[in-house]
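Observations on the three-dimensional arrangement
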Amino acid sequence: NFDVKTTSHGQTFSVVTGRNTVADALVAQIEAATTSIHVASGHLRSRPVSEALLAKAAAHPEMDIRVLLDNQEYISEWTATNQEAELAACLAAAGDSESAVRKCLDKGFYYSYPLYAAGIPLRFKYYCYRWHYTYAVQMHHKYMVFDGRVVASGSYNLSDNAEHNTMENMVFYDSSALPDLVAAFEANFASLWDLGEAEGLYPKLLEEIDTATGPFPIVFEPMALGWEEVTVLKALIKEKCPQVTSDEFASNPQSHTWCDPTDS
């Protein structure tokens, strides 16, 4: 999406307006898929990719489409409604200006809730009440597997930022040439999709918090949780330890990996 540009200070890069090379290639694979699409990604903020997934699921509800994202991609229903309102206001203000409309559409947008609302199976690698880089056991994967046959993977996050603001790569691997590699990606996805389930991590954590008479963890062992499960967990943490919503906890999450309900 870049051209080389010569300036008085030498050569640099300039963004080619409207070009979405990687997103277009991913959308083409989504549209061509017939049986399954498995997404494991730290982020899902690419409008073309997200809208293609939503369209595919709507047109082919029988397909095995599953999306696994990092902890930080969870948003509440309120946040989802608010970002929709902000987008609508931005587009209204943009009017007929093509560049202004593009800026509105390219702005960071969290697609986890729209996918959940559309009924697409969605899980988060979840490990903390409030994300912070110092303790995040982040899912840093960036791959998609189509029909168990083609893998797209690289440094490219599923975002407009990766498409237009940074130099990234996305490589496509075909099982006709690399069957073991593609199978390994599918096996990795399967293990992450059920992360912590066999160990019962989620019900154990809920019980620990619900019965706590002293400090309980708000940074915990990673597990794969659906949107509703995360919502229940966050609500329980807030109910048992309201100070998690305080300015102190929000400003210094790295100093608060446990919450003590007995603290005033």
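Now for a description of the structure that goes with this document. Positions within a chain are numbered from 1, following the residues in the order the chain's sequence is written. Local features are withheld for residues below a pLDDT of 70 in this predicted model, meaning they are given only at 70 or higher, and side-chain atom pairs are given and counted only at 80 or more; totals for whole chains, interfaces and linings count all residues. No hydrogens and no water enter the side-chain calculation; it runs on all heavy atoms of the structure.

**Considering a nonpolar patch on the surface**
- On the surface, a cluster of nonpolar side chains totalling about 340 Å² of accessible area is made up of Val4, Phe13 and Met167.
- With respect to the helices and strands, the residue methionine 167 is situated in the loop between helix H6 (160-164) and strand S8 (170-174). Residues forming no salt bridge and having over 30% relative accessible area are the ones grouped into patches, like charges within 9 Å of each other and nonpolar side chains (Val, Leu, Ile, Met, Phe, Trp, Tyr) within 5 Å. Note on areas: Shrake-Rupley, 1.4 Å probe, and residue coverage restricted to the protein chains presented here. In what follows, salt bridge is the name for a side-chain nitrogen of Lys or Arg lying within 4 Å of a carboxyl oxygen of Asp or Glu. Helix and strand assignments follow DSSP, with helices taken as H or I runs no shorter than four residues and strands as E runs no shorter than two, numbered in order from the N terminus.

**Section: the state of the cysteines**
- When the sulfur atoms of two cysteines come within 2.5 Å, that pair is taken as a disulfide. Overall, the coordinates contain 2 disulfides when judged by the stated rule.
- A sulfur-sulfur separation of 2.0 Å characterises the disulfide bridge that pairs cysteine 90 with cysteine 104. Disulfide cysteine 90-cysteine 104: torsion about the S-S bond near -85 degrees, hence left-handed. Of the two residues, cysteine 90 is situated in helix H3 (residues 77-94) and cysteine 104 in helix H4 (residues 98-106); the sequence distance between them amounts to 14 residues.

**Digging into the side chain of lysine 56**
- For lysine 56, the position within the fold is in helix H2 (residues 47-59).
- Classification of residues uses two cut-offs on accessible area relative to the type maximum, computed with a 1.4 Å probe and protein chains only: under 20% is buried, over 50% is exposed, and between them is partly exposed. We score Asp and Glu as negative and Lys and Arg as positive, and we do not count His or the chain ends. As a buried residue without a salt bridge, lysine 56 has its nearest oppositely charged side chain in aspartate 147, at a separation of 7.6 Å.
- For lysine 56, the side chain forms a polar contact with the main-chain oxygen of glutamate 31, separated by 2.8 Å.
- Between two residues, a contact is recorded if the distance between any of their heavy atoms is within 4.5 Å. What lysine 56 contacts, discounting residues up to four positions off in sequence, is Ile30, Glu31, Ala32, Ala33, Ile37, Met63 and Ile65. Here a polar contact is recorded for every N or O atom pair within 3.5 Å, except that within protein the pair must consist of a potential hydrogen donor and a potential acceptor, and residues adjacent in sequence are included only if both atoms are side-chain atoms.

**Observations concerning the packing of aromatic side chains**
- Paired rings are identified among Phe, Tyr and Trp, the last through its six-membered ring, by centres lying within 6.5 Å, and are further divided according to the angle between planes into stacked (under 30 degrees), edge-to-face (over 60) and tilted (the rest). Considering all chains together, one arrives at 10 aromatic pairs under this definition.
- With a centroid separation of 6.3 Å and 70 degrees between ring planes, the pair formed by phenylalanine 2 and phenylalanine 13 is classed as edge-to-face. On the criterion of sequence distance, the pair formed by phenylalanine 2 in strand S1 (residues 2-7) and phenylalanine 13 in strand S2 (residues 10-15) is long-range, its members being 11 residues apart.
- The exposure class assigned to phenylalanine 2 is partly exposed, which follows from its relative accessible area of 23%.
- Centroid distance tyrosine 126 to phenylalanine 220: 6.1 Å. Interplanar angle 35 degrees. Geometry classified as tilted. In this pair, tyrosine 126 sits in strand S5 (residues 122-128) while phenylalanine 220 sits in strand S10 (residues 219-226), placing the two residues 94 residues apart along the sequence. The same class applies to tyrosine 126 and to phenylalanine 220, which are both buried.
- Site record: aromatic cluster; members linked through ring pairs are Tyr74, Tyr113, Tyr116, Phe124 and Trp227.

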